[in-house]
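Residues per chain, in single letters:
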Amino acid sequence: MTVPLSGVALAEHQAVFQALTEAGFTDLWSSEVNGADAFTPLALAAAWTPGMRLGTAIAPVYTRGPGLLAMTAAAMADAAPGRFQLGIGASSPVVVGDWNAVDFTEPYARSRDVLRFLKAALAGEVVDHEYDTFTLRRFRLERPPATPPPVLLAALRPRMLRLAAAEADGVILNWLAAGDVPTALAETKSAGPEFEVAARIFVCPTEDAGYARNVGRRLIAAYLTVPAYAAFHRWLGRTEMLTPMWQAWSTGDRKGALAAIPDSLVDDLIVHGSPAECRAKVRSYAAAGITVPVMALLPTPALESGGAPTLIKTLTELGSPTLN
């Protein structure tokens, strides 16, 4: 499950983590956009849920210096030995440039260089190297983790997918349908048998399809107009389907852009329905090759009005040992 959950204070997440454990969830994965940072929720989870695996999906490669990113990852690995996985990625021009005042340049090269640096630094090596996108002099972790965490790379298109297969311990996918998974994984065939494949899957547990599709349309319009995701879906073969939305969005017609998104696309990219239906749809991602299907819980009227008891009930209904 993606944490933290919306509408619940971090200080109150211990009960949420316990409910997820009891429901059969095995992993807690964070994200980093403009809410909580990627590491604080996991630090709490490391103390409150000693059996859970933890991961970031993702920590951007631009918004922390390479040394600070290595120190933060090492501290998490020290707090949760053998249970933490570091997911990194390029993020987006908005997050990196508009919100963090860092130039979003050469995302492939920056991701590659940070990945190579982290693999060396987390292994306890002295890093004194001139990479293509930055230079480090004599950096060495004072507290290298006894168990270096696996490093996963967020990837969308072939070049980054192949980099993940060649040099990372796994790949993180996002904004794809279960039917798209084989297309993405065809680019990672060179990876070893221990290669992890994580994917964030947006889940709106309601049988009100109209409500779920409205939520889904807003998310799709916000994300699939970002250049990297637009290029990703062109590669997946959705140019004709998404061109009306892109054209309306480019002219500032937000309502027109939302209206141009077909129900079929929302149903492919957003899991919705009863908890049992949601579980079945998430299992279809696992059947397609996802080894770590990470639900991201979207709001529903029941969740927004029902408070903590409804949230805990929903998590219990969504959980299933068959997802392990």
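This text follows the structure it describes.
Quantities reported herein were computed from a predicted structural model and do not represent experimental measurements. (Residues numbered from 1 in each chain as written. Predicted model: local features only at pLDDT ≥ 70, side-chain atom pairs only at ≥ 80, totals over all residues. Heavy atoms only, no water.)

1. Overview of the overall build of the protein chain
- Per the secondary structure count, the protein chain includes 14 helices and twelve strands.
- Against the 2.2 N^0.38 benchmark of 20 Å for 324 residues, the protein chain shows a C-alpha radius of gyration of 19 Å, consistent with a compact globule.
- Among the 324 residues that make up the protein chain, the fraction classed as buried is 52%.
- Restricting the contact set of the protein chain to residue pairs at least 6 apart, pairs at least 24 apart contribute 72%.
- Roughly 14100 Å² of accessible area belongs to the protein chain as shown, and the carbon and sulfur atoms make up 52% of that amount.
- With 27 positive and 31 negative side-chain charges, the protein chain shows a spacing of 2 Å between the two charge centroids. (Helix = DSSP H or I, 4+ residues; strand = E, 2+ residues; numbered from the N terminus. Rg over C-alpha atoms; globule rule 2.2 N^0.38 Å. Buried < 20%, exposed > 50% of the residue type's maximum accessible area, 1.4 Å probe, protein only. Contact = heavy atoms within 4.5 Å. Areas by Shrake-Rupley, 256 points an atom, 1.4 Å probe, with all protein chains shown as cover. Lys, Arg positive; Asp, Glu negative; His and termini not counted. Charge placed at Lys NZ, Arg CZ, Asp CG, Glu CD.)

2. Quick word on a nonpolar patch on the surface
- A cluster of nonpolar side chains, Val33, Val94 and Trp99, forms an exposed patch at the surface whose accessible area comes to about 260 Å².
- Along the chain, Trp99 falls in the loop between helix H4 (93–98) and helix H5 (107–122).
- A relative accessible area of 45% places Trp99 in the partly exposed class. (Patch = residues over 30% accessible without salt bridge, like charges linked within 9 Å, V, L, I, M, F, W, Y side chains within 5 Å. Salt bridge = Lys/Arg side-chain N within 4 Å of Asp/Glu carboxyl O.)

3. Concerning the environment of Val3
- One can find Val3 in strand S1 (residues 2–3).
- Along the sequence, Val3 and Met295 sit 292 residues apart, while their C-alpha atoms lie 9.5 Å from each other.
- Each residue touching Val3, except ones within four places of it in the same chain, is listed here: Phe17, Leu20, Leu28, Trp29, Ser30, Ser31 and Leu42.

4. Quick word on H5
- Compared with an ideal rise of 1.5 Å per residue, which puts 16 residues at 22 Å, H5 spans 22 Å between its outermost C-alpha atoms and is within 8% of the ideal.
- With 13 of its 16 residues buried, H5 lies for the most part within the structure.
- At the C-terminal side of H5, Gly124 shows a positive phi close to 90°. (Expected span 1.5 Å × (residues − 1).)

5. Some words on the packing of helix H1 (residues 13–23) against helix H14 (residues 301–318)
- In contact at an axis separation of 8 Å, H1 and H14 are set at 25° when each is read in the N-to-C sense. Put simply, H1 runs roughly parallel to H14. Here H1 and H14 pass one another in a crossing that is right-handed. Side by side, H1 and H14 meet where Ala15, Val16, Ala19, Leu20 and Ala23 of the first sit next to Leu311, Ile312, Leu315 and Thr316 of the second. (Axes fitted to C-alpha atoms, helices over the stretch in contact; angles between N-to-C directions. Parallel < 35°, antiparallel > 145°, perpendicular 65-115°, else oblique. Left-handed = near helix turned anticlockwise from the far one by under 90°.)

6. Comments concerning the pattern of salt bridges
- Per the counting criterion, the structure on display carries 15 salt bridges.
- With a closest N to O distance of 2.9 Å, Asp180 and Arg238 form a salt bridge. Pair noted here: Asp180 is in the loop between strand S9 (170–174) and helix H7 (181–185) and Arg238 is in the loop between helix H9 (227–235) and helix H10 (239–250), with a separation of 58 residues, a long-range link. By the burial criterion, Asp180 is buried, and Arg238 matches it.
- Sharing partners across several salt bridges, the network here consists of Arg213, Arg217, Asp263 and Asp267.

7. Description of the pairing of strand S2 (residues 27–30)
- Burial along S2 is two-sided: the face carrying Asp27 and Trp29 and the face carrying Leu28 and Ser30 are both buried.
- Bridge count between S1 and S2: two bridges; the pairing is parallel. Paired with Val3 across the bridge in S2 is Ser30.
- Between the parallel elements S1 and S2, the chain passes through H1 in a crossover that is right-handed.
- Where S2 meets strand S3 (residues 53–56), four bridges bridge the pair, whose relative direction is parallel. Residue Trp29 lies in a different strand from S3, and its bridge partner there is Gly55.
- As a crossover connection, the stretch from S2 through helix H2 (residues 40–48) into S3 is right-handed. (Pairing = 2+ DSSP bridges. Right-handed = clockwise from strand over helix to strand, strands pointing away.)

8. Some details on H2
- Buried residues of H2: Pro41, Leu42, Ala45 and Ala46, and no others. Down the axis of H2, the buried set is contained in an arc of 140°. They therefore lie on one face.
- Packing partners of the buried residues in H2 comprise S1, H1, S2, S3, helix H3 (66–79) and strand S5 (84–89). (Arc of directions from axis to C-beta.)

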